[in-house]
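# Examining the three-dimensional arrangement
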Amino acid sequence: MIQRVLIANRGAIAVRICRTLKAMGLTSVAVYADADRNSLHRLAADESYPLGEGRASETYLNQDILFNIIEQQKIDAIHPGYGFLSENPEFVERCEQKGIIFIGPTPEQMRDFGLKHAARALAEKNNIPLLEGSGLLADLDAAVSIAKDIGYPIMLKSTAGGGGIGMQVCQNEQELNQAFESVKRLSANNFSNDGVFIEKYIAKARHIEVQVFGDGKGKALALGERDCSAQRRHQKVLEETPAPGIPDAVRTRLHETAVRLVEAVNYRNAGTVEFIYDAQAHDFWFLEVNTRLQVEHGVTEQVYGVDLVEWMLKLASGNMPELSDIKIKPPQGWALQARVYAEDPNKNFQPSAGLITHAAFPDAALPDKKDTELRIDHWIEAGIEISPFFDPMLAKVIVHKDSREKALKALDEALADTKIEGIETNLFYLRAILETETFKQGDMFTRFLNDFSLSPLTIDVLSGGTLTTIQDYPGRIGYWNVGVPPSGPFDMRSFRLGNRLLGNTDDAAGLEITLNGPSLRFNKATNIVLSGAKIQATLDKHAIEMDTVIYIMAGQTLALGKVTEGARSYLSIQGGI
């Protein structure tokens, strides 16, 4: 009998599991690294215990610390969420040895599917369609020989791990020669396994996955499919269900194929069978199996009206109805999910650690709300420090509407109304993808985002200068009666002249500079004017004039030095700030 469940994870999924456990009358026990001491997953749990300082390897992946907590707190079961220990067969075996219920597949099933070359062999045995490929490669000579037989382009893949690590497209033999040792080394360093193999590469492929659930006794169900083709460096960005543009007959065949594969190993609990899909030929090939809950499981829950976390808990506790008795309702409407990350798309998506000063979402949607049009799974609030040690995902914004067109509009509106300040996020990047005709038409493919770039309408402040403020005209007026004097630019004439030269309205905001100016890097091409007191000014180290329209290209740096003649200088920007 399960009563006390430890959640061996963090972030949005840990919050979600806590709330589901509470609804089921079970005790949720959270663990947290020191960097996550203020995370909402800790506050949502009935009990929480520290893992200490450090990275994932020292905290959430430290099995000895986890099992000490499990023993001391008399834990009955562990829910791993996704990531971390969710696909670690040795961890599951250790749980079994100690009599702890692991809420997920068996160690054998993890091994069956955990190594991609082994999963391919299992798929081949069960007549699952496969792309032409190889077994594990002994050396570069074997790789070159097999690649010639298959024909370029090919994908060189690590057999272990996931998340897009250890995958390299090779267009010719030269690229294969260059990539071979690099992929092996990357695989060894990340997964302690340097095994690699080759698979035929489909240039304009879609990534379709089928949600499955098995009872561990040879029966499994398919809960529709998801399109996860919007990927950046093999990492998913946007997901949706149903997958657009797939004929019903092919959709049915996808589901049946996924079920046949997992039933062959008596699969237990939630999992995902992933396929490469050719939209032109309406054909598909097996890719891999994820033996865990997926980040994008929420879109399936919204459309099918199920709670996969609850199903996982019920199966593990022995309270799950027979799968043959469960009547799956036809999918209702359309669901889309966007992953909100703490990263800067304008700086090659580098993670953005720091203090969240403001966090507001468009709806008070809790992670366990069902049958709603808007669901937001998140773990943040103002005052939380985003650590550089862990995955930078902040939230999953999920919308559910009766049509794809309405869902697209609703997701864009939800992202527009999501405000996260203090750090950089990918919110503008997500909205830009939604605006592309490729995504709108449901024609997204896995390589599309590789060539998709955009420049945000922003300025990076490299140094702030002395007493630099944002001002507008006429400023704050009409409050003398409560003791607040008028504000606005000190030299209103010069400020307005700068805006007039750019064709701005009088009230367009600009910078007022006192003593020393800032250094600014522009991320979008624009025009500027410097007005007011004379100031030392260079654009990429070349001097520029006052009271003149200056064109700035994206990436150029404007350095403003001392105010030399007068008290206030002004920087006006086309369109205002």
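Residues numbered from 1 in each chain as written. Predicted model: local features only at pLDDT ≥ 70, side-chain atom pairs only at ≥ 80, totals over all residues. Heavy atoms only, no water.

### Comments concerning the overall build of the protein chain
Defined as follows: Secondary structure counts use DSSP, requiring at least four H or I residues in a row for a helix and at least two E residues in a row for a strand, with both numbered from the N terminus. For a compact globule the rule gives 2.2 Å times the number of residues to the power 0.38, and the radius of gyration it is set against comes from C-alpha atoms. We call two residues in contact whenever any of their non-hydrogen atoms come within 4.5 Å of each other. A 1.4 Å probe and the Shrake-Rupley method give the accessible areas. Residues count as covered only by the protein chains that appear here.
Within the protein chain one finds 15 helices and 30 strands. Compactness check: the protein chain gives a C-alpha radius of gyration of 27 Å against a globular reference of 25 Å for 577 residues, within 12% of the reference. With respect to the principal axes defined by its C-alpha atoms, the protein chain has extents near 80 × 60 × 45 Å. Long-range contacts, defined as pairs at least 24 residues apart, comprise 68% of the intrachain contacts of the protein chain with a sequence gap of at least 6. Summed over its atoms, the accessible surface of the protein chain is roughly 25000 Å², and 48% of this surface lies on carbon and sulfur atoms.

### As for helix α12 (residues 404–416)
Applied cut-off: For a helix, the expected span equals 1.5 Å multiplied by the number of residues minus one. Per-residue accessibility, obtained with a 1.4 Å probe over protein chains only, is compared with the maximum for each type, and a residue is labelled buried under 20%, exposed over 50%, and partly exposed between these values.
With 13 residues, α12 extends 18 Å between its outermost C-alpha atoms, agreeing within 8% with the 18 Å of an ideal straight helix rising 1.5 Å per residue. Every buried residue belonging to α12 is among Arg404, Ala407, Leu408, Ala410, Leu411, Asp412, Ala414 and Leu415, and all of these are buried. Contacts from the buried residues of α12 go to β11 (235–241), β14 (334–341), β19 (374–378), β21 (393–401), α13 (427–434) and α14 (437–440).

### Things to note about the packing of aromatic side chains
Filter applied, for reference: Pairing of aromatic side chains here covers Phe, Tyr and the six-membered ring of Trp, requires ring centres within 6.5 Å, and sorts the geometry by plane angle: under 30 degrees stacked, over 60 edge-to-face, intermediate tilted. Whether a charge lies above a ring is judged from NZ of Lys or CZ of Arg, which has to be within 6 Å of the ring centre and within 35 degrees of the ring normal.
Summed over all chains, the structure comprises twelve aromatic pairs. Ring geometry for phenylalanine 349 versus tyrosine 429: centroids 4.8 Å apart, planes at 75°, classification edge-to-face. With phenylalanine 349 in the loop between β15 (343–344) and β16 (350–351) and tyrosine 429 in helix α13, this pair connects stretches of sequence that are 80 residues apart. Accessibility assignment for this pair places phenylalanine 349 and tyrosine 429 in one class, buried. Between phenylalanine 389 and phenylalanine 390 the ring centres are 6.3 Å apart and the planes differ by 90°, which places this aromatic pair in the edge-to-face class. For phenylalanine 389, a relative accessible area of 33% gives the class partly exposed. In this arrangement the basic side chain of arginine 10 is found over the ring face of tryptophan 379, its NZ or CZ atom lying 4.8 Å from the centre. In this structure, arginine 404 is placed above the aromatic ring of phenylalanine 439, and the distance from its NZ or CZ to the ring centre is 5.3 Å.

### Remarks on the sheet that holds β14
Stated precisely, the cut-off is as follows: Pairing between strands is defined by DSSP: at least two bridges between them are needed. Angular values range over 0 to 180 degrees, each being the angle between N-to-C directions of two axes fitted as lines to C-alpha atoms, with helices fitted over their stretch in contact.
With antiparallel pairing, eight strands are arranged side by side in an open sheet as β13-β12-β9-β10-β11-β14-β21-β19. Of all strands in the sheet, those bounded by a partner on one side alone are β13 (283–290) and β19. The sheet shows a mean angle of 25° between the axes of neighbouring strands, direction not considered. As defined by bridge partners, strand β12 (residues 268–278) adjoins β13 across seven bridges and the pair is classed as antiparallel. Note that in β13 the partner of tyrosine 277 across the bridge is phenylalanine 284. Across the sheet, helix α11 (residues 308–317) lies against β9 (206–215), β10 (220–232) and β12, angled at about 35° from β9, the strand it touches most.

### Quick word on the sheet that holds strand β1 (residues 4–7)
Strand order in this open sheet of five strands is β3-β2-β1-β4-β5, and the pairing throughout is parallel. Each edge of the sheet is formed by a strand with only one pairing partner; in this case those strands are β3 (47–52) and β5 (101–102). When strand β4 (residues 77–79) meets β5, the two strands line up parallel, connected through two bridges. Along β5, the bridge assignment pairs alanine 77 with isoleucine 101. Against the sheet, helix α1 (residues 11–23) makes contact with β1, β2 (27–33) and β4, and its axis sits at roughly 170° relative to β1, the strand it touches most.

### Topic: the packing of helix α5 (residues 107–114) against helix α6 (residues 116–125)
Where we set the bar: Here is the rule for angles: anything less than 35 degrees is roughly parallel, anything more than 145 is roughly antiparallel, 65 through 115 is roughly perpendicular, and the remaining ranges are oblique. Residue type decides the class: Asp, Glu, Lys and Arg count as charged, Ala, Val, Leu, Ile, Met, Phe, Trp, Tyr, Cys and Pro as nonpolar, and the leftover types, Gly among them, as polar.
Viewed as axis vectors pointing N to C, α5 and α6 meet at an angle of 95°, and their least axial separation amounts to 6 Å. Classified by the angle between their axes, α5 and α6 sit roughly perpendicular to one another. Residue-level contacts link Asp112, Phe113 and Gly114 of α5 to Lys116, Ala118, Ala119 and Leu122 of α6. Partitioned by chemical class, the residues of the contact of α5 with α6 number four nonpolar, one polar and two charged.

### So, unusual backbone geometry
The omega torsion across tyrosine 152 and proline 153 is 0°, close enough to zero to call that bond cis. Looking at where proline 153 falls in the secondary structure, it is placed in the loop between α7 (140–150) and β6 (154–158). With omega at 5°, the peptide bond leading from tyrosine 473 into proline 474 counts as cis. Residue placement: proline 474 occurs in the loop between β24 (469–471) and α15 (492–502). One non-glycine residue with positive phi stands out, namely leucine 467, at about 55°.

### Concerning empty space enclosed by the protein
Filter applied, for reference: For each structure, a 1 Å grid was placed over the protein atoms alone; sets of points admitting a 1.4 Å probe that cannot get out are labelled cavities, open sets with protein on both sides within 12 Å along at least five of seven lines are labelled pockets, and lining residues have an atom within 4 Å of a point. Grid points are joined across faces, edges and corners, and a volume is the space filled by probe spheres set on the points.
The final tally for this structure, using the stated rule, is three cavities of 30 Å³ or more. Estimated volume of the largest cavity: approximately 70 Å³. Lining the largest cavity are Arg206, Asp227, Ser229, Ala230, Leu238, Glu239, Glu240, Pro244, Arg404, Phe439, Gly442 and Met444. When contributions to the lining of the largest cavity are tallied by element, the ones reaching two or more residues are β10 and β11. Looking at the lining of the largest cavity residue by residue, the classes come out as five nonpolar, two polar and five charged. The calculated volume of the second largest cavity comes to roughly 40 Å³. As for the second largest cavity, its lining consists of Arg10, Asp36, Trp379, Glu385, Ile386, Ser387, Phe390, Asp391 and Pro392. Residue composition of the lining of the second largest cavity, by class: four nonpolar, one polar and four charged.

### Concerning the environment of tyrosine 479
Here tyrosine 479 lies in the loop between β24 and α15. Among the residues examined, tyrosine 479 registers a relative accessible area of 44% and is labelled partly exposed. Sequence separation between tyrosine 479 and threonine 106 is 373 residues, and the spatial gap between their C-alpha atoms is 69 Å.

### Examining the nonpolar core
The condition is simple: To qualify as a nonpolar core, a set must consist of buried Ala, Val, Leu, Ile, Met, Phe, Trp, Tyr and Cys residues joined through side-chain atoms within 4.5 Å.
Formed by 44 residues in total, the largest nonpolar core has its most connected members in Leu238, Ile386, Leu411, Leu415, Ile433 and Phe439. Filtering out sequence-adjacent residues up to four positions away, phenylalanine 439 remains in contact with Ala230, Leu238, Glu240, Leu336, Arg404, Leu408, Ile433, Leu434 and Met444. The next biggest cluster of nonpolar side chains, apart from the first, holds 37 residues, and it includes Ala14, Leu221, Leu323 and Ile326.

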